[in-house]
Structures are given as structure tokens and as C-alpha cells.
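Next come the chains, spelled out residue by residue.
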Amino acid sequence: MAVDAGGIASAVGEELESGLRGEVVWPGDHSYDTARAVFNGMIDRRPLAVIRPVDAAEVVRCITFARRHDLPLSVRGGGHSVAGNAVRDGALMLDLSAMKTLRVDPATRTVRAEPGLTLGEFDRATQAYGLATTLGVVSTTGIAGLTLGGGLGWLNGRYGLACDNLTSAEVATADGRLLRASAQENEDLFWSIRGGGGNFGVVTSLEYQLHPVDLVLAGGLSYPLSMAPRVLRFYDDFAKAAPDELSTAASFGRTPAGEPTVSIVVCYCGPIDEGEQLLRPLRKFQSPVDDGIQPMPYTMLQSARDEAFPSGRHHNWKSGWLCEVTDGAIDTLMQFLPQMPSSASSIGLQQLHGAASRVAPSATAFPHRAEQYDFLILSQWSEATDSDRNLQWTRALFEAMVPHLEASVYVNNLGDEGQGRVQAAYGENYPRLAAVKRAYDPDNLFRANQNIDPSTDMASGQQ
């Protein structure tokens, strides 16, 4: 054990390590810098220690230890949050990456999975049985944080969000209990973790409903930027008329040669021949520069964008819900796209529709139930010296787009943007979430997140 001058006393450190099968990484250890790193290279924080528990019992022990010694705590699943909430200066960092057990029950089409798993690991295991459930769109993302914030992915039209397919979870709470949350047990906790993030405890296992998914008809169509207005107008009409089996996204980016482009990506999870017929008008509307739509394994689609998002780049995201692709919104995008500073950046409109949109806003903590697009400015760049111009461009574009966006935002895309935006992410469900927070974490131990303040008044939503 190596503890720096600002760390905890040696005896306390020995107490933490004693009998713990998981690893503890201290400042000064050779692996410390690797252990504290997260996806977003802009995050450079120094935790008091990084703890890697191997099971739920060790998670409970670490929570109890933090409370006993009045130490701040952060929790890492996949470490993909752009805000970098998984790591905090001077906090114990509870890294769940060693917890990767997964058990599929093909008879009941369910799976129980631990929170250290990534989407890719989960998908490969369930696809061995021809099964899947909605998760995100980059396979290196962790399943836990994604699901707790909602979980928008390629199957959302037919099967709902990731949180809609969560049938139960095991949660380690601030007072050291290990609770099962489901529709029959601790129902308020179960409601809250389906969209309320990690505010209520550490989720140590998740059970999902699975669905038959084998080959999907998927891929992208790319066009030069000059065609974007026509393409986006046609796309918006086409997407709004799409059946549940078809989920779509539009995006802006640059080719490897630096040319701005607009793309449409689709995933049809029904019979391939029906999908070919359904997509024919989209594919024939204009002549794309590239047409990559083809039958493919679902895992191939899920990992298709991985190379575009390597860990360690600098990231700044701005997001909001877009209900209408108006001429004003298109004009704004056309104005800013040629000025995009980094060829690695992109702007996406991911469709939420179908089954995901038909759930009542109060049925789960995720409130954004409407036919709409998750509008995301995903700025990323490699060199710290380029930060100022990338940050300025991102802020300016977002401010110009605000008149076209809803006031709400998808919590999984939210950076460090203040409490007003946090409340916008939880919407009308915020007061009820605050009440559940008071019941399970009244001292706000779990505050290294898009935080729900337990002091919020239930009736007004004010703190």
C-alpha cells in the first residue's frame, strides 16, 4: 500500500484492504493513473483510492467503510459519462469493472448481468442464443450507467428502452443493505433506478427481458452536405412514419478527407425481405455517395461505431430533445457544419419512437416519452491545445440550436451543466425522485452523479 501525503491514515487504509479480495489502487502505485482514467480525456481527477470489488458483498463493505470514515464516494461502471462523474478528487472510487458475471436463461428469455459488463460483452453472450435487448450504440459503453439513465438504442422502437426491459435489480444502499428492486419488491426504488441514474445506491446486478434478434437489416446512407436540407426533410417524414421494427438516426460529420457529410443510419429488426421493401423509398430518394445497408449480425451493428470513439480523446457534448426538424434547425446546422474544428466530431439525431414513446412519462423515472430525436453535439479532439476552439464552436452551435429544442435533455448525454439542467433531465418526475432519494440516501452519499438533491420539496420541486 502506498498512500500520498493527502491520503488517509495508514491504519485506515489497512482496514480497507484487510480481507478484501478485490484490488485497491493507491496514489503512487504504478497502475494509479490508468485506474483513475475515464473515457473523456478532459477529466483529470485524483481519487483517494480506486477500489475494485469482486462481488456485491464487497460493494456493501466499501459503502459502509466510506460512511464510517465520512469519505466521499464515486462509482464507476463503464466510465463513459462525458461529465466524468465516475472519478472525483479526494474520493474513494468504486470501480465495478471486475464484476462481469452474466447468466442467460434462454427458456425465459432473461439475463442477469453484473455492472462491470460492456455492451459488447453483454451482446456477444446473449446473441449466442439469438437474443438481445435494447442497449446503446457503442459497444465499449458500460451497461449499468446506460440502463439507469434510460438506455436509447437501435431496438427502442420495437422493444423500448434499456430501462423498460429491466425486470429487477440488486441495489446496495447507503445504509449497507442489499435490496432486490422489482415490480413486486421495493417498487419505489425500482421505479427510480429506471431513469434516475445512480442516485439511490450501487446496482450490483441487473436482470433484463430478452427478445429474439438475429440478423438485422442495417447500415448507412451518406450524402454530401449540399444535399442535407433535402435529405433531412425527407428523412424526418420517413422516420416519423416508420414502424416499430425500424429505428433510425441522422448524423453530420466529416469524411476521412475532411468533407462534410450528412448520413442516415437504420436498423430494421423484422424479416429481412420486409425490411428491404420498406427501405426502398429511402434508398432511392437520392443517389447517396455510399449505401452500406445490408443484412448483418446485430453485434456487427452494435460495434460499427467503436473506432470513432476511442478512449482518451477530449470530449464536450451538448444535447437536447428535438421534436421537429424545422427549416430553422436545418439552416442553423448548415451554418455551423463547415466550421466544425475537429474531423472527429459529429452531430447526431437518434430517433426515439414506437414502443419507447408509448410508455407513460410517469411509469418509470425516464420522463421523455414522445416521438422525437435525441439531438447530440458530440465534439471530440485529440490535443489539449485545440480545446478552446472546439469548446467555443460547441457552445455557439448549441446556443443557436436552443430555440429549436425542447427544454428537456437526456441525462446520459449531460455534462457538468448545473442543477437546472439536471432537473430538466428528470423533468416532472424530479420531485418524486427526490422523495425516494430522501428515503434511501438522505445524506446524499451518492452525489457524484447528475444529482437529485434529497432536500427538494416534493410539491414544488424547489430546493
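For the structure itself, consult the block above.
Structural notes, computed from the coordinates.

Basis of the calculations
Residues numbered from 1 in each chain as written. Predicted model: local features only at pLDDT ≥ 70, side-chain atom pairs only at ≥ 80, totals over all residues. Heavy atoms only, no water. Buried < 20%, exposed > 50% of the residue type's maximum accessible area, 1.4 Å probe, protein only. Helix = DSSP H or I, 4+ residues; strand = E, 2+ residues; numbered from the N terminus. Pairing = 2+ DSSP bridges. Salt bridge = Lys/Arg side-chain N within 4 Å of Asp/Glu carboxyl O. Phe/Tyr/Trp six-rings, centres within 6.5 Å; stacked < 30°, edge-to-face > 60°. Lys NZ or Arg CZ within 6 Å of the ring centre and 35° of its normal. Core = buried A, V, L, I, M, F, W, Y, C linked by side-chain atoms within 4.5 Å. Contact = heavy atoms within 4.5 Å. Polar contact = N/O pair within 3.5 Å; in protein donor to acceptor, adjacent residues only side chain to side chain.

### Quick notes on the pairing of strand 8 (residues 166-172)
Along strand 8, five of the seven residues are buried, which leaves the element largely enclosed by surrounding structure. Pairing between strand 8 and strand 10 (residues 202-209): six bridges, direction antiparallel. Looking at the pairing, serine 168 lines up with glutamate 207 of strand 10. In terms of strand pairing, strand 8 meets strand 9 (residues 178-182) through five bridges, oriented antiparallel. Among the inter-strand pairings, alanine 169 is bridged to a residue of strand 9, identified as alanine 181. The turn joining strand 8 and strand 9, which pair antiparallel and follow one another in sequence, is formed by five residues; a positive phi near 85 degrees is taken by glycine 176.

### Some details on the pattern of salt bridges
For side chains bearing opposite charge, pairing can occur when the charged atoms are close. Taken as a whole and assessed by the stated rule, the structure comprises 24 salt bridges. A salt bridge links aspartate 443 to arginine 67, with the shortest nitrogen-to-oxygen separation between them at 3.6 Å. One end of the pair, aspartate 443, is in the segment after helix 14 (430-440); the other, arginine 67, is in helix 3 (residues 56-68), and 376 residues separate them in sequence. On the basis of relative accessibility, which here comes to 38%, the residue arginine 67 falls in the partly exposed class. Between lysine 240 and glutamate 324 there is a salt bridge, with its nearest N and O atoms 2.8 Å apart.

### Overview of the packing of aromatic side chains
Throughout the structure, instances matching the rule amount to eight aromatic pairs. With centroids separated by 5.9 Å and ring planes inclined at 40 degrees, the aromatic side chains of tyrosine 235 and tyrosine 373 adopt a geometry described as tilted. Within this pair, whereas tyrosine 235 is found in helix 8 (residues 228-240), its partner tyrosine 373 is found in strand 19 (residues 372-381), the two being separated by 138 residues in sequence. Judged by relative accessible area, which is 0%, tyrosine 235 ranks as buried. Members of the aromatic cluster, connected to one another through ring pairs, are Phe234, Phe238 and Phe285. Across the ring face of tryptophan 191, the terminal group of arginine 432 is positioned such that the distance to the ring centre comes to 3.7 Å.

### Describing the nonpolar core
Residues Phe122, Leu135, Ile143, Leu189, Ile193 and Tyr208 are the most contacted members of the largest nonpolar core, which totals 41 residues. With five residues, helix 14 is the single largest residue contributor to this core. Once you skip the residues sitting within four places of it in the chain, isoleucine 143 turns out to touch Ala113, Glu114, Leu117, Thr118, Leu119, Phe122, Leu135, Leu206 and Tyr208. One finds Leu225, Leu282, Ile330 and Phe375 within the second-largest nonpolar core, a separate group that totals 40 residues.

### Description of the pairing of strand 2 (residues 49-52)
Neither face of strand 2 is exposed, since Ala49 and Ile51 on one face and Val50 and Arg52 on the opposite face are all buried. Bridging between strand 1 (residues 23-25) and strand 2 involves three bridges; their strand directions are antiparallel. Paired with valine 24 across the two strands is isoleucine 51, which belongs to strand 2. Bridging between strand 2 and strand 4 (residues 92-95) involves three bridges; their strand directions are parallel. Paired with valine 50 across the bridge in strand 4 is methionine 93.

### Concerning helix 13 (residues 419-426)
For helix 13, the complete set of buried residues consists of Arg421, Val422, Ala424, Ala425 and Tyr426. Elements that come into contact with the buried residues of helix 13 comprise strand 17 (314-322), helix 12 (387-401) and helix 14. Where helix 13 terminates, the next one or two residues include glycine 427, which has phi positive at roughly 60 degrees.

### Here we look at the side chain of asparagine 451
In this fold, asparagine 451 is placed in the segment after helix 14. A relative accessible area of 13% places asparagine 451 in the buried class. A polar atom in the side chain of asparagine 451 sits 3.0 Å from the side chain of asparagine 199.

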